[in-house]
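Residues per chain, in single letters:
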Amino acid sequence: MLAEELVEHALIARRRAYAPYSGYAVGAALLTTDGAVIYGCNVENASYPATICAERVALTSAVAQGKRDFAAIAVATQNAGSPCGICRQVMAELGPEMRVYLADAAGNFSVTSVAELLPDSFTGSDLRT
Ligand code: THU
């Protein structure tokens, strides 16, 4: 799948965002290595810390659907905002080799990687030393 197509999916996912408090809608589209696309959007809560980000919704939904191998994730926001630290950590856990596309609302995007977003990450191997 072309990067542009995955970004289009992230823009669709973004329209499903539930963000009544921040007004900052985020959509994510996760591409599995077998070609499936799994959507995520941010889901906010009146108890603010209960909010979950779009990237983690996509990744955790995928795991629940039996998907563990990811080729890429596209994240769409108004301004191509960068993923938060918690999402970077979850990406490093579940999709360390993923390509990452960061898109704005018009579909313009940049390409990066999980390793670039979170170098020297803490991983499962650190627990086994
Ligand atoms: N948000 C995401 O969905 N992903 C990120 O990586 C950064 C932040 C959401 C959480 C909250 O609903 C809103 O953006 C403002 O922080």
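Parameters at a glance
- Residues numbered from 1 in each chain as written.
- Predicted model: local features only at pLDDT ≥ 70, side-chain atom pairs only at ≥ 80, totals over all residues.
- Heavy atoms only, no water.
- Pairing = 2+ DSSP bridges.
- Helix = DSSP H or I, 4+ residues; strand = E, 2+ residues; numbered from the N terminus.
- Axes fitted to C-alpha atoms, helices over the stretch in contact; angles between N-to-C directions.
- Contact = heavy atoms within 4.5 Å.
- 1 Å grid on protein atoms, 1.4 Å probe; cavity = no way out; pocket = protein on both sides within 12 Å on 5 of 7 lines; lining within 4 Å.
- Points joined across faces, edges and corners; volume = space filled by probe spheres on them.
- Nonpolar A, V, L, I, M, F, W, Y, C, P; charged D, E, K, R; others polar.
- Buried < 20%, exposed > 50% of the residue type's maximum accessible area, 1.4 Å probe, protein only.

### Let's talk about the sheet that holds strand β1 (residues 27–32)
By way of backbone hydrogen bonds, the strands of a sheet pair with one another, either parallel or antiparallel. On the basis of which strands lie adjacent, the open sheet formed by five strands has the order β2-β1-β3-β4-β5 and mixed pairing. Taken across any chain shown, the strands that pair with only one partner, and hence form the sheet edges, are β2 (37–41) and β5 (109–113). Going across the sheet, the axis of each strand differs from the next one's by a mean of 20°, ignoring polarity. Summarising the sheet, β1 and strand β3 (residues 70–76) pair through six bridges and their orientation is antiparallel. Along β3, the bridge assignment pairs Gly-27 with Ala-76. Contacts from helix α2 (residues 54–64) reach β1, β2 and β3, with the element oriented near 140° to β2.

### Some points on the layout of surface pockets
There is about 200 Å³ of room inside the largest pocket. Lining of the largest pocket is provided by 16 residues; of these, Tyr-24, Val-26, Asn-42, Cys-53 and Glu-55 occupy positions nearest its centre. Taken together, the residues of the lining of the largest pocket sort by class into eight nonpolar, six polar and two charged.

### Some words on the pairing of β1
Summarising burial for β1: six of the six residues are buried, a large majority. Judged by which residues are buried, β1 turns out to be covered on both faces: Gly-27, Ala-29 and Leu-31 on one side and Ala-28, Leu-30 and Thr-32 on the other are all buried. In this structure, β1 lies alongside β2, joined through five bridges in antiparallel fashion. Each residue of the ladder has a partner; that of Gly-27, found in β2, is Cys-41.

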